[in-house]
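Structural overview for review
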Amino acid sequence: METVKEKQTKIKTIATMKISGAEAIIHCLLAEDVDLVYGYPGGAIMPLYDEFYKFQDKLTHILTRHEQGATHAAQGYARVSGRVGVAIATSGPGATNLVTGLADAQIDSTAMVCITGQVPRHLLGSDAFQETDIIGISTPVTKWNYQITKASEIPEILAKAFFIARSGRPGPVLIDITKNAQFEEFNFSYKKCKGVRSYIPTPKPNMGSIEAAAELINKAKKPFIVWGQGVILGQAEQALKAVIEKAGIPAAWTIMGESAIPTSHPLNVGMVGMHGNYGPNMLTNECDVLIAIGMRFDDRVTGNLEKYAKQAKVIHFEIDPAEINKNVNAEVAVLGNSKETLELLLPALIENKHEDWHNEFKRLYEIELDAVIKNDIHPTKDKLTMGEVIEEINLASKNEAVIVTDVGQHQMIACRYAKFNTTKSNITSGGLGTMGFALPAAIGAKQGAMDREVVAIIGDGGFQMTIQELGVIFQHQIPVKIVILNNDHLGMVRQWQELFFDKRYASTVMVNPDFVKIAEGYHIESKRVSERKDLKATIQEMIASDKPYFLEVKVEQEDNVFPMIPSGASVSDVRLK
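These lines cover the structure that appears in this document, whether it is placed above or below. Here the structure is a predicted model, which means the values were calculated and not measured.

1. Thoughts on the overall build of the protein
The number of helices and strands found in the protein is 24 helices and 20 strands. Taking 2.2 N^0.38 as the reference for a compact globule, 577 residues should give roughly 25 Å; the C-alpha atoms of the protein span a radius of gyration of 24 Å, in line with that estimate. Here the C-alpha coordinates of the protein stretch approximately 70 × 60 × 45 Å along the principal axes. Here the protein holds 577 residues, and 60% of them are scored as buried. In the protein, the proportion of contacts linking residues at least 24 apart, taken out of those at least 6 apart, comes to 77%. Carbon together with sulfur atoms contributes 51% to the accessible area of the protein, which is approximately 23200 Å² in total. Counting 60 positive and 69 negative side-chain charges, the protein places the centres of these two groups 3 Å from one another.

2. Observations regarding the environment of N399
Inspection of the secondary structure assignment puts N399 in the loop between helix 17 (386-397) and strand 15 (402-405). Once the C-alpha coordinates of N399 and A418 are considered, the two residues, 19 residues apart in sequence, prove to be 7.6 Å apart. Excluding anything up to four places from it in sequence, N399 contacts N394, K419, F420 and N421.

3. Some thoughts on helix 10 (residues 207-219)
When the terminal C-alpha atoms of helix 10 are compared, their 18 Å separation across 13 residues agrees well with the 18 Å that a helix rising 1.5 Å per residue should span. Those residues of helix 10 that sit buried are S209, I210, A213, A214, L216 and I217. The arc that holds every buried residue of helix 10, seen down its axis, measures 165 degrees, which confines them to one face. The outward face of helix 10, more than 90 degrees from its buried face, is lined by the exposed residues E211 and K219. By the N-cap criterion, in which a side-chain oxygen at the helix start approaches the backbone nitrogen of a residue two or three places on, helix 10 is capped by N206, the distance to G208 being 2.8 Å.

4. Concerning the packing of aromatic side chains
This structure, assessed with the given rule, holds 11 aromatic pairs. Ring geometry for F163 against Y199: centres 6.0 Å apart, planes inclined by 85 degrees, an arrangement best described as edge-to-face. Within this pair, whereas F163 is found in helix 8 (residues 154-166), its partner Y199 is found in the loop between strand 8 (185-187) and helix 10, the two being separated by 36 residues in sequence. With a centroid separation of 6.2 Å and an interplanar angle of 75 degrees, the aromatic rings of F186 and F188 are classed as edge-to-face. Feature note: the residues F186, F188 and Y190 constitute an aromatic cluster, connected by ring pairs.

Calculation notes
- Per-chain numbering applies: the sequence of each chain, read as written, is numbered from 1 onward.
- Selection of residues for local features in this predicted model requires a pLDDT of at least 70, selection of side-chain atom pairs for listing and counting requires 80 or more, and totals for whole chains, interfaces and linings are taken over all residues.
- Here the side-chain values reflect all heavy atoms present in the structure, with hydrogen atoms and water set aside.
- Helix and strand definitions here come from DSSP, where helices need a minimum of 4 consecutive H or I residues and strands a minimum of 2 consecutive E residues; each element is numbered from the N-terminal end.
- All radius of gyration figures rest on C-alpha atoms, and the globule criterion is 2.2 Å times the number of residues raised to 0.38.
- For every residue, the accessible area obtained with a 1.4 Å probe (protein chains only) is divided by the maximum for its type, and the residue is called buried under 20%, exposed over 50%, and partly exposed between those limits.
- Two residues qualify as a contact provided that any one of their heavy atoms is within 4.5 Å of a heavy atom in the partner residue.
- Every accessible area reported is derived by Shrake-Rupley at a probe size of 1.4 Å, with residue values counting cover from the shown protein chains alone.
- Think of it this way: Lys and Arg go in the positive column, Asp and Glu in the negative one, and His and the chain ends go nowhere.
- Where a charge lies is defined by one atom per residue type, namely NZ (Lys), CZ (Arg), CG (Asp) and CD (Glu).
- One fewer than the residue count of a helix, multiplied by 1.5 Å, yields its expected span.
- This arc is taken over the directions from the axis of the helix to the C-beta atoms.
- Identification of polar contacts relies on pairs of N or O atoms within 3.5 Å, with a donor-acceptor requirement for protein atoms, meaning one able to donate a hydrogen and the other able to accept it, and with residues adjacent in sequence counted only if both atoms are side-chain atoms.
- Between 30 and 60 degrees the pair is tilted, below 30 it is stacked and above 60 it is edge-to-face, where a pair is any two Phe, Tyr or Trp rings, Trp via its six-membered ring, whose centres lie within 6.5 Å.

That's the geometry; what it means functionally is another story.
This is how it looks when you write it as structure tokens:
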């Protein structure tokens, strides 16, 4: 494997030579330390794929079975590795198939660069074969996009793309490159981008705001922290841990922030939001100071904004100024990278315990334990539950697995019951809620962390949206563990129909194929479990395997996920049943 210095030396040598735009793209990717991309070829991107063939010893290309799969794989790779994910597609339908993944990455702040082919410059606007205005289409769902029509633009624009994607609040960037620009030759040179005029990715912290935040926290009787993915993206896990331990503050997480602090930490009080833990939700409306760190007050976290934490003074630690006062007004706004701002906050905090306040969380946890958790994890019913499957995975993996979830009931159950010792372990589609996310994202997650166990938890509905990506796992023998929690329904929609639509189960019953036979068709070791006596041993076998493994678990068809905050209700209107 070439060192970075060797790569840079070769790029400097190439600067004296004329190369094609397509070859220039390869050298740009190598200069940005990209060694793995996901994609699907086609006519308008074929010159670049010809270069992939020539450079396959330096740059691995994974052929996904659908362009959407390429974006989700790139997302999984980025979220686990902390690097920029890269996805490639051709023009027209290839490009438009990236849009869902772009939207998902945009709302979940995932660093991704997508490169699309486009018809030649002289055909733009002529409705040529497979021409689509992907710049216009993708503008609302990208952090930045740009169309390259001349080869000479490639180095500067790709350098800018990677800088924008990874800096500040990360996000997806799309670069559309016309076919003529891929063929044209020019004198190549590359310089990494270190800044863009008028773009300030990370605001400089204001010490006055930090001091004001510390004063509020030090005077608080019932302080409460809610952290989000900004802690993980900012590499602020240790800083957050130091803050909550010094000030003795109970801290809860959004699903995107899960795993930043180990599940077992005594100050980690669980998940907030629609299916979050009882105590954190109820006590949001009793705290006197609410400290939000790297989260954006999504509606699934806040419920009815008119009834959200009205009694509390809000401190908002955030890197993106656009999020300040967007949904919840802040008494104090602390702008900047969360690691830097929390480290500046720490010396100004006084040591505290808040024991009586902590006991409130413990009291409400016991209520939830008796009413919900025991029944989910240690059920007395005959049918298997999703919760007990997650618990067995925790035990078999010793809480060290990366859990990649799709969207639905299984997602909420996994987020509630999965246990983590290590950061960057919970990979899910949060803001967009994309069914079909988990299977390709698990592929990317595994390739981004080959030394870690990666388990995809998927429902029978979402699995069939990207089921074809089993082909990638088979072709490249990627040792992902796939668990299908099969209740023969679109479970979350069915739950809402039961609770709010008088059990009118419109289009939620799934008549499913034999998933095990399908997985076997891809030569993946496969099993089905429908009885409790077989569950533990099978999951242990799955985790112990060093190869891809597919497990279908038949679970209770009409289980519901509780606690639950009904849509439009207050966070303190939590239903336990």
